[in-house]
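# Examining the three-dimensional arrangement
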Amino acid sequence: MKVAVVEPTHGVAPHVSAALTQAGHHSLALAASPEDRYDIRRAVHDCDAVVYLPTDWTPDAGRHETRWVAAIVRELEGSGKRFLYLSDASVAGPTGEDAANEDTGLSKDSPHPWRVDNERALAAAVWQNVHSIVLRPALLYGSSGTGLVARLVAYADQMGEALYVGDGSARTSTVHIDDLAALIVAALERAPEGSSFFAASGEVVTWRQVAGWVAGSRGNACQLRSISADVATAAGLDADLMTTDCVVNDDSPRRRLRWRPSGPPLLSPTATA
């Protein structure tokens, strides 16, 4: 299978491309920028499948992401080709004491509402003969180039502080980048059209624990610090996500796609950002 991997930041794409190559597929990595619009259009027609990996959070991330998802769907209409969209687990909304699973619907209270809208667009695209697939990863780690954990580590390296918002008690599931890449390959190979899957390893942590891990990984000079949501946003951090319970307990990727996550837990000494 020839797969176009579209990502604005190229943080996750190298892991996905490596996993595709290991599975015997060919990947073509492209940046979702205005200069690459023609290349992406051509690649969509030349490839058998497209994977869209979202950009890191910014105040206007939703606008750019939605534009590219819509453009790729238009190019794929009527082709029957696979389009895998990487959403995130927060589309289930605040989970509270419960956990999201394969029966959990999309929530209007998601901290990333544009991904809820994009998922609905992907579900509708099935009627235009697009083989749409959605994956919803929990907190991603293991990639130094992208993701909220990597941003927290970069801030700690620069400022000597490991941050969490409020009391840091909000909980989140996690997934290692290599496990997510393996799931992307499995979904491209086996997921039915219109399907969606959460991606989580089973580990659940609080954001204060995440900050503690960041501080411990940077040495004794790094201190824990609680900040307000406004300060977090000003620092380029996704404050809404860091204050929302996002716990996943979904075994459907293991059962239906034969996914077997094996990466080190985030809070283990061997984990990286």
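Cut-offs and rules
- Residues numbered from 1 in each chain as written.
- Predicted model: local features only at pLDDT ≥ 70, side-chain atom pairs only at ≥ 80, totals over all residues.
- Heavy atoms only, no water.
- Core = buried A, V, L, I, M, F, W, Y, C linked by side-chain atoms within 4.5 Å.
- Buried < 20%, exposed > 50% of the residue type's maximum accessible area, 1.4 Å probe, protein only.
- Helix = DSSP H or I, 4+ residues; strand = E, 2+ residues; numbered from the N terminus.
- Pairing = 2+ DSSP bridges.
- Axes fitted to C-alpha atoms, helices over the stretch in contact; angles between N-to-C directions.
- Phe/Tyr/Trp six-rings, centres within 6.5 Å; stacked < 30°, edge-to-face > 60°.
- Lys NZ or Arg CZ within 6 Å of the ring centre and 35° of its normal.
- Contact = heavy atoms within 4.5 Å.
- Lys, Arg positive; Asp, Glu negative; His and termini not counted.
- Salt bridge = Lys/Arg side-chain N within 4 Å of Asp/Glu carboxyl O.
- Polar contact = N/O pair within 3.5 Å; in protein donor to acceptor, adjacent residues only side chain to side chain.
- Parallel < 35°, antiparallel > 145°, perpendicular 65-115°, else oblique.
- Left-handed = near helix turned anticlockwise from the far one by under 90°.
- Nonpolar A, V, L, I, M, F, W, Y, C, P; charged D, E, K, R; others polar.

## As for the nonpolar core
Counting 30 residues, the largest nonpolar core has Val16, Leu53, Leu84, Leu135, Ile184 and Leu188 as the members making the most contacts within it. Those elements giving two or more residues to this core turn out to be strand E1 (2–6), helix H1 (13–22), strand E3 (49–52), strand E4 (82–86), strand E5 (131–137), helix H6 (177–190) and strand E9 (195–199). Sorting elements by how many residues they give to this core places H6 first, with nine residues. In this structure, Tyr141, Val153, Tyr164 and Val214 belong to the second largest nonpolar core, which totals 28 residues.

## So, the sheet that holds strand E2 (residues 26–30)
Judged by pairing direction, the sheet is parallel, and its six strands sit side by side in the order E2-E1-E3-E4-E5-E9 without closing on themselves. With one partner strand each, in any of the chains shown, E2 and E9 form the two edges of the open sheet. The mean inter-strand angle of the sheet, taken between neighbouring strand axes irrespective of direction, is 20°.

## A look at the packing of aromatic side chains
By the definition in use, this model includes one aromatic pair. Consider the rings of Tyr52 and Tyr85, whose centres lie 6.4 Å apart with planes at 35°: the pair is tilted. Here Tyr85 lies in strand E4 and Tyr52 lies in strand E3, a separation of 33 residues in the sequence. Tyr85 carries the same exposure label as Tyr52, and that label is buried. In this structure, Arg136 is placed above the aromatic ring of Phe198, and the distance from its NZ or CZ to the ring centre is 4.9 Å.

## Brief notes about the environment of Arg254
Here Arg254 shows up in helix H10 (residues 252–257). On the basis of relative accessible area, Arg254 is assigned to the partly exposed category, the value being 23%. Through-space distance from the C-alpha of Arg254 to that of Phe197 is 10.0 Å; in sequence the pair is 57 residues apart. Arg254 has contacts with Ala200, Ser201, Gly202, Trp259, Arg260 and Pro261, leaving out every residue within four places of it along the chain.

## Here's the deal with unusual backbone geometry
Even without glycine at this site, Asn129 takes up a positive phi of about 60°. For Asn129, the location among the structural elements is in the loop between helix H4 (113–125) and E5. For Asn129, a relative accessible area of 40% gives the class partly exposed. The phi dihedral of Arg258 falls on the positive side, at around 60°, and the residue is not glycine. With respect to the helices and strands, the residue Arg258 is situated in the segment after H10.

## Here's the deal with the side chain of Asp238
Within the fold, Asp238 resides in the loop between helix H8 (229–234) and helix H9 (239–242). The side chain of Asp238 is buried and forms no salt bridge, while Arg115, the nearest opposite charge, is found at 6.3 Å. Within polar-contact distance, the side chain of Asp238 engages the side chain of His112 at 2.5 Å.

## Topic: the packing of helix H5 (residues 148–159) against helix H7 (residues 207–218)
Here H5 crosses H7 at 50°, and the two axes come no closer than 10 Å. Between H5 and H7, the angle is such that the two are oblique. Regarding H5 and H7, the two cross each other, and that crossing is right-handed. Residues Leu148, Val149, Leu152, Val153, Ala156 and Asp157 of H5 touch H7, and the partners they reach there are Trp207, Val210, Trp213, Val214 and Arg218. In the contact of H5 with H7, the residues fall into nine nonpolar, no polar and two charged.

## Overview of the pairing of strand E8 (residues 171–176)
Counted residue by residue, E8 has five buried out of six residues, so it is predominantly covered. Of the strand pairs in this sheet, strand E6 (residues 139–141) and E8 are connected by three bridges, and their pairing is parallel. Bridge pairing in E8 links Leu139 to Thr174. Two strands pair when backbone bridges link them, and E8 and strand E10 (residues 204–206) are joined in this way by three bridges, in the antiparallel orientation. Of the residues in E10, the one forming a bridge with Arg171 is Thr206.

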